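# Coordinate analysis (summary)
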Amino acid sequence: MTDLADRQKLSYIAAQAADARLNVELETEGMTLNIGPQHPATHGTLRIIVRLDGEQVVWAEPSAGYMHRGYEKLTEVRTFPQVTALINRIDWLGSFANEVPFILAAEKLMDIEAPPRAQHIRTILFELSRIANVSLFLGDLGVQLGAVTPVFFAFRDREYVLNLIESATGGRFHPNFDRIGGLKDDLPAGWIAETKQVMKRLRAFCDEIEDLLFGNEIFQSRLRGIGVIPADVAKQYGLSGANLRASGVDWDLRRDQSLPLAWDKVDWKVWTHPDGDSFARCWIRLQETRESTKIVDQLLDTIPAGPIMAKVPRIIKVPEGEAWVSTENPLGEMGYYVVSKGDLGPFRVKIRSASFNNISIVPWVLRGVYVPDVISILASLYFILGDIDR
Amino acid sequence: MVAPLSDDTLALPGDGLREGVVNALRTALGDALLDVVLKPNDDLWVRVRTDAWRQAGLVLRDTVGCDYFCFLSAIDWMPSPYGKSEEDPTQPKEPIDLTVQQGYAGGDTRLQVFARVTNLAKHFGVTIKADVADAHPSIESWVTVYAGANWHERECHEMFGIGFDGHPDLRNMYLPTDFEGHPLRKDFPLLARMVKPWPGIADVEPLPGDDSEDEG
Amino acid sequence: MGLVDKGRMPKPLTSLFNMGRSYSMWVYQWGLACCAIEMGAAFGSPRYDVMRLGVIPLPASPRQADLVVVSGTVTDKMAPAIKRLYEQMPEPKYVISMGSCANCGGPYWDSYSVTKGVDQIIPVDVYVPGCPPRPEALLEGVVLLQQRIKREDMGARWRGEGYKPMVKEPIVVGGGPVE
């Protein structure tokens, strides 16, 4: 085992030396390449400045802020119910999932708990938004690597999930459905049967994507062994979600903390991958989409009867205190540190969004990779601009 | 270097484990550990002296085993001098009490840095706070303790104007270069709200099954 | 084409040109935030299929585009890039502002870093309200713009009279009949 590692190290050094020699012979100069702020490969307005030596990245720096909307300041001038309308738009692909941790933090401060039926439906909608989010990632992944077809598949099948969310909540993208103490409404008639159909369809979509992409040789050679993040580095940078699990850290907030949500009532699996490379990150997300469809299926069978709203006062004043709640969102750990002073609105909300940490590792992970891999590594890290900049 | 938490402590459930964490921190930091708030079945807050900030980070990482960096930010504890936009704009403005009052684990200054780190193996987290001086707010950087603190400290520097000694590159990351001020400080005004005040809190929607109370 | 040199244009020729222009629009996608995903659904998904309207959503650069859809929150940091993009586009050029943020700042009306409407930087022809608007609303905006293009007087444009701002009254999707 050590022999192999040593040999790999030696061949790496030899390759580096050859590269260096070539560079000396050709007298190449450093070049700065500016990707973004508007670039099809950066989904969103992330700008990445890379300094190149030939084809290799010497130094890379993401330049965020093109989507900074000042959430943390805006939450200070809004009431608690108004904040949910705002925070929907942080991670705009999985918007319902953004609301849940904030509402849970407010409920924690008020010391109330949503009735079981509401907790159940929250979990279902949470998983649906995860599916809507990650299915677009799976389609978009193809585009980043030059395959255009998967994104059409993703948009086609994602539409069914959005229709479900719309029929339950009224909003395709930004439901603003979660309330302190429960939910705004109950599920519409016929929704459960329809959801089951859609989940079947989504599982077929996952199989399709697996056949189209993950089994593809080009896909594998573009992603395997590229952008490896070891577990200790991942933890230091605070990577979360699939990015962390792809580095072999078995950690999922859905399982590893007790929240008043229904994940502990169903049977599902946390996937990890030992490799830590781009392929592992993509593969984990594919498996998680499948797991999510299973979770939704099981939850649909066991929705308890009862009210969907706890008794809360008409005008919500949250008692003084501090609370931290985070959940396993589609992109990773999303948490809110809510400080209340007993007013109608929060005193300070620190929004810990997953992409901010996930993308802060970019300068580290991009050093030494080749230009085409920049795009594939960024794609596999999977970020939403609104989630970085807030 | 203090030895990592013993297996006996790690085997304890929830609050027992948190108490073990507090003991470990107290042994390692001595009187630099200023205050502790342990809410049963919830969470742990600690406050350390400003000059022990980096050392506390090392203790948390190596002794307590919190190797996962969650976030780092700051709080401005001064109430906003512009109110919270909850007042009725037709009424004359009441004077706003600007007394600084800190939250959990206390504090002496207006600005506080706080961070959260997590132990992934044992599923607990610690929120750690430290005061920063009002006049020239600055504190040691955590970049050498948790590499992920780099961007968080840049954000914090931009939003609060807090300096981080030892940070390699404290550039702005969010705002345009000609932007002035630190937006998350409470005395930073939102100009749009100055021009056009929010029309009060006319935002009460009826809850499901709540029709009877509509009149009352 | 002596008539054209004099700045006059026979009616049939005008309508022919206008029809040609309105049904071969290259649209540059300036996707910024949530609306970008709905724009992607409208332009890239098989269900909404914008190409049936004669709109081609894949120009290589803004220099090739006739229409730009600004979808999403425009921040002060982004604004110079948008202005430069608009200046790179050849005349005649059209702008659709998609979503509340691009129209007026939307939910970030009181933010310190958001530009309150893209029309502060570039002239807008069609406003598509919504947060985010459905893909159908964007398609409606495209159709309304095409109707306006069909009524444009090419001669006036060539004489230099109707040059920017050609926009007399911007169209608002869902805001009643055009003109």
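Heads up: these notes are all about the structure in this document. (Residues numbered from 1 in each chain as written. Chains lettered and ligands numbered in written order. Predicted model: local features only at pLDDT ≥ 70, side-chain atom pairs only at ≥ 80, totals over all residues. Heavy atoms only, no water.)

### Quick look at the environment of Leu138(A)
Mapped onto the fold, Leu138(A) is located in helix α5 (residues 116-144). Taking C-alpha positions, Leu138(A) is 7.3 Å from Ile209(A), a pair spaced 71 residues apart along the chain. (Helix = DSSP H or I, 4+ residues; strand = E, 2+ residues; numbered from the N terminus.)

### Re the sheet that holds strand β6 (residues 171-172) of chain C
All names here are of chain C. The parallel open sheet is built from six strands, whose spatial order is β2-β1-β3-β4-β5-β6. If you trace the sheet from one side to the other, it starts and ends with β2 (55-56) and β6, each paired once. Sheet topology note: the strand β3 (residues 67-71)/strand β4 (residues 94-98) ladder contains five bridges and is parallel. The partner of Ser71 across the bridge, within β4, is Met98. (Pairing = 2+ DSSP bridges.)

### What to know about the interface of chain A and chain B
Contact residues are listed per partner, giving 57 residues for chain A and 62 residues for chain B. In this assembly, chain A packs against chain B so that about 5,100 Å² is buried in total across both faces, 55% of it on carbon and sulfur atoms. Counting every contact that joins chain A to chain B gives seven salt bridges. Between Glu155(B) and Arg390(A) there is a salt bridge, with the nearest N and O atoms lying 2.4 Å from each other. At the junction of chain A with chain B, the criterion picks out 24 residue pairs in polar contact (both at pLDDT 80 or more). If one sorts the elements of the side of chain A that touches chain B by residue count, helix α13 (residues 354-360) of chain A sits on top with four residues. Class assignment for the residues of the side of chain A that touches chain B results in 24 nonpolar, eleven polar and 22 charged. (Contact = heavy atoms within 4.5 Å. Buried area = accessible area lost by both parts, 1.4 Å probe. Salt bridge = Lys/Arg side-chain N within 4 Å of Asp/Glu carboxyl O. Polar contact = N/O pair within 3.5 Å; in protein donor to acceptor, adjacent residues only side chain to side chain. Nonpolar A, V, L, I, M, F, W, Y, C, P; charged D, E, K, R; others polar.)

### A few points about the sheet that holds strand β4 (residues 111-119) of chain B
Residues and elements named next belong to chain B. Ordered in space as β1-β2-β5-β4-β3, the five strands form an open sheet in which the pairing is mixed. If you trace the sheet from one side to the other, it starts and ends with β1 (33-39) and β3 (68-76), each paired once. This sheet shows a mean twist of 20° between the axes of neighbouring strands, independent of strand direction. Along the sheet, helix α3 (residues 53-62) makes contact with β2 (43-48), β3, β4 and β5 (124-132), crossing β5 at roughly 170°. Most of the contacts of helix α4 (residues 149-160) go to β3, to which it runs at about 10°, and overall it touches β3 and β4. (Axes fitted to C-alpha atoms, helices over the stretch in contact; angles between N-to-C directions.)

### Brief notes about the interface of chain B and chain C
The extent of an interface is frequently quoted as the accessible surface area lost upon association of the parts. At the junction of the two partners, chain B supplies 13 residues and chain C supplies eight residues. Roughly 830 Å² is buried in total at the junction of chain B and chain C, and carbon and sulfur atoms are behind 71% of that figure. Contact with chain C buries surface across chain B, with Pro176(B), Leu190(B) and Ala192(B) losing the most and accounting together for 38% of the total. At the boundary of chain B and chain C, one finds zero salt bridges. The tally of links between chain B and chain C comes to one residue pair in polar contact (both at pLDDT 80 or more). Across the side of chain B that touches chain C, the residue classes break down as eleven nonpolar, no polar and two charged.

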